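Below are the chains, spelled out letter by letter.
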Amino acid sequence: MKRNQKGITLLSFLFVLALVGFFGFLFMRLFPVYSEYFSAVNDIKAVTQAAGADKQALPQLKDSLYRRFQISYVDSVNLDKHIKLRTEKDGKVLDLKYEVREPLMYNLDFVAKFERSFPVTGRADAE
C-alpha cells in the first residue's frame, strides 16, 4: 500500500520559523525609526499648514514644532541641526534632513536617512 504524505517536514518547518523570526526581528528594529519619522512629518505638515504660518519666522515655527515633537515623542530630530527654512520665489519652504543610526545585532548597525521639504503655506488645503 502506498501512502501519500502531506505537509512539511520538521526541518522545513524550522527553516520557515527561522525566516519568519528573522523578518519579525527586522520589523521590530526598524518600525520605531519609521514611526518616529512619520510622526515628525505629520507634525511638520500641521505646523506649516496652520493659519498664519507663512507669516511666522523660523524661531516661531521651531517653537511650535518643539511642542508638537514633545507630544509625539519625536526625539531623533534636532530642531537646530535638522530643520532649515529657505525662501523661494513661491514662498517659504521648511526642509527636514536627518539620519538615524541604530544597532541591529552585534556589530551590525542600520542607517536610515530621511529628507523631505514642506511648503509653508498657512493653508490646510496645500500638499
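Our structure's up above, just so we're on the same page.
Residues numbered from 1 in each chain as written. Predicted model: local features only at pLDDT ≥ 70, side-chain atom pairs only at ≥ 80, totals over all residues. Heavy atoms only, no water.

1. Some points on the packing of aromatic side chains
How we decide: Pairing of aromatic side chains requires ring centres within 6.5 Å, counting the rings of Phe and Tyr and the six-membered ring of Trp. Pairs whose planes differ by under 30 degrees are stacked, by over 60 edge-to-face, and all others tilted. To qualify as a helix, a DSSP run of H or I must reach at least 4 residues; to qualify as a strand, a run of E must reach at least 2; elements of each kind are numbered from the N terminus. The rule is simple: take the accessible area with a 1.4 Å probe, protein chains only, and divide by the maximum for that residue type; under 20% is buried, over 50% is exposed, in between is partly exposed.
Going through the model one piece at a time under the given rule, you end up with six aromatic pairs. Relative to Phe114, the ring of Tyr37 lies with its centre 4.3 Å away and its plane at 15°, an arrangement referred to as stacked. Here the residue Tyr37 occupies a position in helix H1 (residues 10–48), and Phe114 occupies one in strand E3 (residues 108–120), the gap between them amounting to 77 residues. The buried category is assigned to Tyr37, whose relative accessible area is 10%. Ring centres of Tyr98 and Phe114 lie 5.2 Å apart, and the angle between their planes is 35°; this geometry places the pair in the tilted category. Note that Tyr98 is positioned in strand E2 (residues 91–105) and Phe114 in strand E3, a separation of 16 residues in sequence. Tyr98 gets classed as buried once you look at its relative accessible area, which sits at 4%. Phe114 sits in the buried class, given a relative accessible area of 5%. Put simply, the rings of Tyr34, Tyr37, Phe38, Tyr98 and Phe114 pair up and form one aromatic cluster.

2. With respect to the pattern of salt bridges
Here is the rule we go by: Salt bridge, as applied in this entry: a Lys or Arg side-chain nitrogen positioned within 4 Å of an Asp or Glu carboxyl oxygen.
Under the counting rule described, the total for this entry stands at five salt bridges. Put simply, Arg86 and Asp95 hold a salt bridge, and the shortest N to O gap is 2.5 Å. Residue Asp95 is classed as buried on the basis of its relative accessible area of 16%. Here the salt bridges do not stand alone but share partners, grouping Arg86, Glu88 and Asp95 into one network.

3. Comments concerning the sheet that holds strand E1 (residues 83–88)
Quick reminder of the rule: Strands are treated as partners if at least two bridges between them are detected by DSSP. Whenever a helix is involved, its axis is fitted only over the stretch in contact; in every case the axis is a line through C-alpha atoms, and angles between N-to-C directions fall within 0 to 180 degrees. The contact criterion used is simple: two residues touch if any of their non-hydrogen atoms lie within 4.5 Å.
Reading across from one edge, E1-E2-E3 is the order of the three strands in this open sheet, with antiparallel pairing throughout. Both edges of this open sheet fall to E1 and E3, since each of them pairs with a single strand only. The mean inter-strand angle of the sheet, taken between neighbouring strand axes irrespective of direction, is 20°. H1 contacts E1, E2 and E3 of the sheet and is inclined by roughly 20° relative to E3.

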